[in-house]
Amino acid sequence: MLPEVHDARRVLVGSAIRTPLVRLNLPLNVSAAPAEIYLKLENLQPIGAFKIRGAANAIARLPREKLQRGVVTASAGNMAQGVAWCARRLGIPCTVIAPATAPETKIKAIERLGGRVIKVSFDEWWRAFEERAYAGVDGAFIHAFDDTHVMAGNGTIALEVLEDLPDVDAIVIPWGGGGLTCGIASVLRELRPACKVFTAEVATAAPLAASLAAGAPAEVDYQSSWVDGIGAKAVFPQMFERARKLIDGALVANLSSVAEALRLMVQHNHVIAEGAGACPVACALSGQAGSGKIVCIVSGGNIDSSKLFRVLTTEGTNL
């Protein structure tokens, strides 16, 4: 996939920015950490999330005649914003199939970008991913993760990480659908195979960890939470097959440790992340990713202000 990723980098000029890689600052009363932890700040993208990379690259590959009908995507928020942002630049319609549980902050952001949002049940939303369409809605379907162009766009993150930290020992990536992980891991396996690749999931919705343990795609008892950018009831079979060839393990963090990681990032790095973006940091701080130089992908920063307030002011698990 490396040639496709290099080509995606050219395509993304003017859409996605080259995000900074910064060291995680620790409190003065913390004498040691399990590793040197770095933050890849994808929350600084124009839409507040890495999804602009995959969305822009995938849409750029579509022929003009197909684009004229508009674009459609299924998303809880960030991919929808990426697709809507690109659609607005092209002057074409954008329709988003969103789960009823999607955060209002993300829904409003989609609508500000000109996207039309159709809220559906979780099962209907999941079916849209499987069928790559939604009945009664016309337009080219942009899959949020199971698309080689989307993964190539996401893979440009790895090129930037390697330029800034060539001797990176491990990278921890939030697992939602798997497009971010597989894009980044594909590049690292070619350019720095010694680098370990881990996924990060929240304990209330960790289907990849369960699937790897079972040796096959498995369903879990999905529980919605304030960590809304990742987590599902199952793993797509094709993404599972890709991932298990590329990654070194699936890490899991509980909600309280994700909240603590987010508080740490806000208070000591002045970085606002959504739960999905804080999850890799929680995993790295726990020591699950090992020692050395560890990069955590801060996938996005689109968190409801009310949720952020609760995280910053509530100790323990009462979130």
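Description of the structure in this document. (Residues numbered from 1 in each chain as written. Predicted model: local features only at pLDDT ≥ 70, side-chain atom pairs only at ≥ 80, totals over all residues. Heavy atoms only, no water.)

### A word on the layout of surface pockets
Thinking step 1. Computed from the structure, the largest pocket encloses a volume of approximately 580 Å³.
Thinking step 2. If you trace the largest pocket, you find 43 residues lining it, with Ala76, Gly176, Asp228, Gly229 and Ile230 closest to the centre.
Thinking step 3. Contributions of two or more residues to the lining of the largest pocket are made by α4 (78-90), α6 (122-131) and α8 (179-191).
Thinking step 4. Counting residues per element, the lining of the largest pocket draws most heavily on α6, at 4 residues.
Thinking step 5. Grouping the constituent residues of the lining of the largest pocket by class yields 24 nonpolar, 14 polar and 5 charged.
Thinking step 6. In this structure, the second largest pocket encloses a volume near 170 Å³.
Thinking step 7. Residue lining of the second largest pocket: Val11, Ser15, Ala56, Ile59, Ala60, Leu62, Leu67, Cys86, Arg89 and Leu90, and that is the complete set.
Thinking step 8. For the lining of the second largest pocket, the elements supplying multiple residues, two or more each, are α2 (51-60) and α4.
Thinking step 9. Grouping the amino acids of the lining of the second largest pocket by side-chain chemistry returns 8 nonpolar, 1 polar and 1 charged. (1 Å grid on protein atoms, 1.4 Å probe; cavity = no way out; pocket = protein on both sides within 12 Å on 5 of 7 lines; lining within 4 Å. Points joined across faces, edges and corners; volume = space filled by probe spheres on them. Helix = DSSP H or I, 4+ residues; strand = E, 2+ residues; numbered from the N terminus. Nonpolar A, V, L, I, M, F, W, Y, C, P; charged D, E, K, R; others polar.)

### Things to note about the sheet that holds strand β8 (residues 196-202)
Thinking step 1. As summarised here, the arrangement of the 6 strands in space is β1-β2-β10-β7-β8-β9, forming an open sheet in which the pairing is mixed. With one partner strand each, in any of the chains shown, β1 (21-23) and β9 (249-253) form the two edges of the open sheet. Sheet twist, expressed as the average angle between the axes of neighbouring strands with direction ignored, equals 30 degrees. (Pairing = 2+ DSSP bridges. Axes fitted to C-alpha atoms, helices over the stretch in contact; angles between N-to-C directions.)

### Digging into the packing of α2 against helix α7 (residues 148-164)
Thinking step 1. Taken N-terminus to C-terminus, the directions of α2 and α7 make an angle of 130 degrees; their axes are 7 Å apart at the nearest point. Between α2 and α7, the interaxial angle falls into the category oblique. Of the two possible hands of crossing, α2 and α7 adopt the one that is right-handed. In contact with Arg53, Gly54, Asn57 and Ala58 of α2, α7 contributes His149, Val150, Ala152, Gly153, Asn154, Thr156, Ile157 and Glu160.
Thinking step 2. Among the residues forming the contact of α2 with α7, the class breakdown is 4 nonpolar, 6 polar and 2 charged. (Parallel < 35°, antiparallel > 145°, perpendicular 65-115°, else oblique. Left-handed = near helix turned anticlockwise from the far one by under 90°. Contact = heavy atoms within 4.5 Å.)

### Quick look at the sheet that holds strand β6 (residues 140-141)
Thinking step 1. If you trace the 4 strands from one edge of the open sheet to the other, you get β5-β4-β3-β6, paired in parallel fashion. Each edge of the open sheet is held by one strand with a lone partner, namely β5 (116-120) and β6.
Thinking step 2. Helix α5 (residues 104-112) rests against β4 (94-99) and β5 of the sheet, and its axis sits at about 145 degrees to β5.

### What about the side chain of Gln45?
Thinking step 1. Residue placement: Gln45 occurs in the loop between β2 (36-41) and α2.
Thinking step 2. A polar side-chain atom of Gln45 sits 2.9 Å from the main-chain amide nitrogen of Ile17.
Thinking step 3. A polar side-chain atom of Gln45 sits 3.1 Å from a polar atom in the side chain of Glu42.
Thinking step 4. Setting aside residues up to four positions removed in sequence, Gln45 forms contacts with Ala16, Ile17, Thr19, Phe50, Ile52 and Arg53. (Polar contact = N/O pair within 3.5 Å; in protein donor to acceptor, adjacent residues only side chain to side chain.)

### A few points about α7
Thinking step 1. Taking 1.5 Å as the rise per residue, α7 with 17 residues should run 24 Å; its terminal C-alpha atoms sit 25 Å apart, in good agreement.
Thinking step 2. Burial within α7 is extensive, with 13 of its 17 residues counted as buried.
Thinking step 3. Residue Asp147 occupies the N-cap position of α7, its side-chain oxygen lying 2.7 Å from the main-chain nitrogen of His149. (Expected span 1.5 Å × (residues − 1). Buried < 20%, exposed > 50% of the residue type's maximum accessible area, 1.4 Å probe, protein only.)

### What to know about the environment of Ala200
Thinking step 1. Among the structural elements, Ala200 can be located in strand β8.
Thinking step 2. Residue classification places Ala200 among the buried residues on the basis of a relative accessible area of 0%.
Thinking step 3. Separated by 78 residues in the primary sequence, Ala200 and Ala278 have C-alpha atoms spaced 9.5 Å apart.
Thinking step 4. Setting aside chain neighbours within four positions, we find Ala200 in contact with Val172, Ile173, Pro174, Trp175, Ile230, Leu251, Cys279, Pro280 and Cys283.

### Digging into helix α10 (residues 237-246)
Quick reminder: α-helices carry 3.6 residues per turn. Residues three or four places apart thus point the same way.
Thinking step 1. Listed in full, the buried residues belonging to α10 are Met239, Phe240, Ala243 and Leu246. Buried residues of α10, viewed axially, fall in a sector of 135 degrees; they line one side.
Thinking step 2. For α10, the secondary structure elements touched by its buried residues are α7, α8, β8 and α9 (207-214). (Arc of directions from axis to C-beta.)

### Looking at the pattern of salt bridges
Thinking step 1. Scanning the entire structure with this criterion turns up 21 salt bridges.
Thinking step 2. Among the salt bridges present, the one from Arg23 reaches Glu36, with a minimum N-O distance of 3.9 Å. Here Glu36 lies in strand β2 and Arg23 lies in strand β1, a separation of 13 residues in the sequence.
Thinking step 3. Among the ionic pairs, Asp228 bridges to Lys307, the shortest N-O distance being 2.8 Å. Pair noted here: Asp228 is in the loop between α9 and α10 and Lys307 is in helix α13 (residues 305-313), with a separation of 79 residues, a long-range link.
Thinking step 4. For Lys307, a relative accessible area of 14% puts it in the buried group.
Thinking step 5. Connected via shared salt-bridge partners are Arg9, Arg18, Glu163 and Asp164. (Salt bridge = Lys/Arg side-chain N within 4 Å of Asp/Glu carboxyl O.)

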